[in-house]
Every structure is written in C-alpha cells, then in structure tokens.
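# Remarks on the overall topology
So you can see what is in the structure, the chains are spelled out below.
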Amino acid sequence: MSSALVQARFDVLGDADTGVPGLRVTEVPGGALVTWMASGGFTSLAREQDSMRVIVQAAVTGLLVQLGHTVTEASDQGGVVVLADTAASDRHLPAAT
C-alpha cells in the first residue's frame, strides 16, 4: 500500500521523519493509518490547511480504493485507515516498467 502512494508521487515518511511534511503510514489495530503532515509555513494558515487536508485525504482515498483497498475515515486521528485485509498487499499495482 505504501508503494502505491510512492508510485503516485506522494511523499511517504518513515518513523524517523518527525516534523517533516508528507504522508505518514503507521500500523494501527485492524490496518494502517495514513495521515498528512503539513509544512511549518503551511501550518500557520489554519483555514487553508484544513482545506488541503480534505483534498489530500480525498486523493489518497480515491487512489487506494481504485487499487482495491478498503479505506475508512479515521476522524479522531485526522487520517484514513486502510483495513488490514488490503493494507499489506499491493497486488493491484501494475508492474513497473
């Protein structure tokens, strides 16, 4: 699932990338949580950040659903959850050329 986000040109962060803007994928009970971290300059523009968060979540959700993943909103954590039955599998990705 993370490789699908990378192939779509999202910046996917590792555990050591705290405070760095981009998508973070972390394991949660039942799947993987995908959250978005805005840059420091963007964070100061709260209204625009909320709008951008909605846009990023819609793009991530659309991509993952199109690839066959089951995605739900994680409103309490500000991201989306990819359910475990599809989170570990990238079986729907086209072969790299």
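The model shown is predicted, which means the values in this text are computed figures rather than measured ones.

Using the criterion set out here, one finds one cavity of 30 Å³ or more in the structure. Quantified by volume, the largest cavity comes out at close to 30 Å³. Listed by contribution, the elements that provide at least two residues to the lining of the largest cavity are strand S3 (31–37), helix H3 (46–66) and strand S5 (79–83). Looking at the lining of the largest cavity residue by residue, the classes come out as six nonpolar, three polar and no charged.

Next up on the list: the pairing of S5. Of all five residues that make up S5, four are buried, and the element is covered over most of its length. Note: S3 against S5, five bridges, orientation antiparallel. Bridge pairing in S5 links Ala32 to Val82. Pairing geometry for strand S4 (residues 71–74) and S5, over four bridges, is antiparallel. Bridging across to S5, Thr72 finds its partner in Val81.

Positive phi, normally seen in glycine, also occurs at Arg9, with a value near 75°. Tracing the backbone through its elements, the reader meets Arg9 in the loop between helix H1 (2–7) and strand S1 (12–13).

A few words now on the sheet that holds S3. The strand order across the open sheet built from five strands is S1-S2-S3-S5-S4, with neighbouring strands paired in mixed fashion. Each edge of the sheet is formed by a strand with only one pairing partner; in this case those strands are S1 and S4.

Reading the values: rules and limits
- Residues numbered from 1 in each chain as written.
- Predicted model: local features only at pLDDT ≥ 70, side-chain atom pairs only at ≥ 80, totals over all residues.
- Heavy atoms only, no water.
- 1 Å grid on protein atoms, 1.4 Å probe; cavity = no way out; pocket = protein on both sides within 12 Å on 5 of 7 lines; lining within 4 Å.
- Points joined across faces, edges and corners; volume = space filled by probe spheres on them.
- Helix = DSSP H or I, 4+ residues; strand = E, 2+ residues; numbered from the N terminus.
- Nonpolar A, V, L, I, M, F, W, Y, C, P; charged D, E, K, R; others polar.
- Buried < 20%, exposed > 50% of the residue type's maximum accessible area, 1.4 Å probe, protein only.
- Pairing = 2+ DSSP bridges.

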